[in-house]
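# A look at the structure
Residues per chain, in single letters:
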Amino acid sequence: MSRALVPGLASPHPLGERLPAMYLEDSFVQRLTSALDDVVAPVFSSLDNLDAYLDPDLAPEDFLRWLGGWVGLALDESWPVARRRAVLAEAAGLYRTRGTARGLVAYLELITGAEVEVRETGGTAYSTGAAPDPPGSPNFAMVVRVRPRAGGQELDAARLDALVAAAKPAHVVHRLELLPPAEEGRARGD
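A short tour of the structure in this document, coming up.

## Overview of the overall build of the chain
- What the chain contains, in helices and strands, is nine helices and three strands.
- Along the chain direction, N to C, the helices and strands of the chain fall in the order α-α-α-α-α-α-α-β-β-α-β-α.
- Counting all 190 residues of the chain, 29% fall into the buried class.
- Pairs at least 24 apart in sequence give 57% of the contacts found in the chain among residues at least 6 apart.
- Per element, the accessible surface of the chain, about 12400 Å² overall, is 57% carbon and sulfur.

Dropping the structure here:
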């Protein structure tokens, strides 16, 4: 699956065969169209495999960033390829819960591979009678706690803070807490 010149790649639609009869015997025209076939063969190959380019699991590595732009994700080139593919594959599901605590937790866990906990000040309740005070707190704030897994990658607080700021509702104030890595037994659930 290349979008560049591939030596020996035959065009499924050779141009020389589609010319009027008077050019079929002309060796110069046939050589010229053969050279053009070498140029357009990768284009036909890319179009024939377009579905693979749109699949995050199959797309070429250099195509992932462009594919991320289609779904509004800015993929970090420093992430491993497997993580970029996983984030793209989960993009639709993440957008369904975007702006919620559950959505923020899922997004950060997918991107960082760490344990994430979100504590927010809001609350919901229902009552069959008049309730004097609404639940939760009148201010809009959240605390995001991130605990790297044992043996996991080191997390950059500034980058994490920017990710949280981009994924949370704009009117909600947040505070990020980076916790020490989880112990080996705790990370495995022992």
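## What to know about the pattern of salt bridges
- On inspection of all chains with the given rule, the structure shows seven salt bridges.
- Between R84 and E77 there is a salt bridge, with the nearest N and O atoms lying 3.1 Å from each other.
- Put simply, E117, R119, R145, R175 and E177 are held in one network by salt bridges that share partners.

## Quick word on the sheet that holds strand β3 (residues 173–178)
- Read across the open sheet, the three strands follow the order β1-β2-β3; overall the sheet is mixed. Looking at strand neighbours, the two that pair on one side only are β1 (115–120) and β3, the edges of this open sheet. Neighbour-to-neighbour, the strand axes of the sheet open up by a mean angle of 15°, direction not taken into account.
- Sheet topology note: the strand β2 (residues 141–147)/β3 ladder contains six bridges and is parallel. Pairing of M142 across the sheet is with H174, part of β3.
- Running at roughly 155° to β1, helix α7 (residues 101–112) makes contact with β1 and β2 of the sheet.

## Quick word on the environment of Q153
- Relative to the elements of secondary structure, Q153 occurs in the loop between β2 and α8 (157–167).
- The exposure class assigned to Q153 is partly exposed, which follows from its relative accessible area of 38%.
- Counting along the chain gives 41 residues from Q153 to T112, while the straight-line C-alpha distance between them is 8.0 Å.
- Apart from residues lying up to four places away in sequence, Q153 is in contact with R83, T112 and P148.

## Considering a nonpolar patch on the surface
- The grouping of L50, L54, W66, W70, V71 and Y95 at the surface amounts to a nonpolar patch, some 590 Å² of accessible area in total.
- Relative to the elements of secondary structure, W66 occurs in helix α4 (residues 64–70).
- The partly exposed category is assigned to W66, whose relative accessible area is 45%.

## Looking at the nonpolar core
- L104, Y107, L108, V116, V118, V144 and V146 are the most contacted members of the largest nonpolar core, which has 29 residues in total.
- Those elements that place two or more of their residues in this core are α4, α5 (81–89), α6 (91–96), α7, β1, β2 and α8.
- It is α7 that contributes the most residues to this core, five residues altogether.
- What V146 contacts, discounting residues up to four positions off in sequence, is A114, E115, V116, L155, L160, L176, E177, L178 and L179.

Definitions and limits used
- Residues numbered from 1 in each chain as written.
- Predicted model: local features only at pLDDT ≥ 70, side-chain atom pairs only at ≥ 80, totals over all residues.
- Heavy atoms only, no water.
- Helix = DSSP H or I, 4+ residues; strand = E, 2+ residues; numbered from the N terminus.
- Buried < 20%, exposed > 50% of the residue type's maximum accessible area, 1.4 Å probe, protein only.
- Contact = heavy atoms within 4.5 Å.
- Areas by Shrake-Rupley, 256 points an atom, 1.4 Å probe, with all protein chains shown as cover.
- Salt bridge = Lys/Arg side-chain N within 4 Å of Asp/Glu carboxyl O.
- Pairing = 2+ DSSP bridges.
- Axes fitted to C-alpha atoms, helices over the stretch in contact; angles between N-to-C directions.
- Patch = residues over 30% accessible without salt bridge, like charges linked within 9 Å, V, L, I, M, F, W, Y side chains within 5 Å.
- Core = buried A, V, L, I, M, F, W, Y, C linked by side-chain atoms within 4.5 Å.

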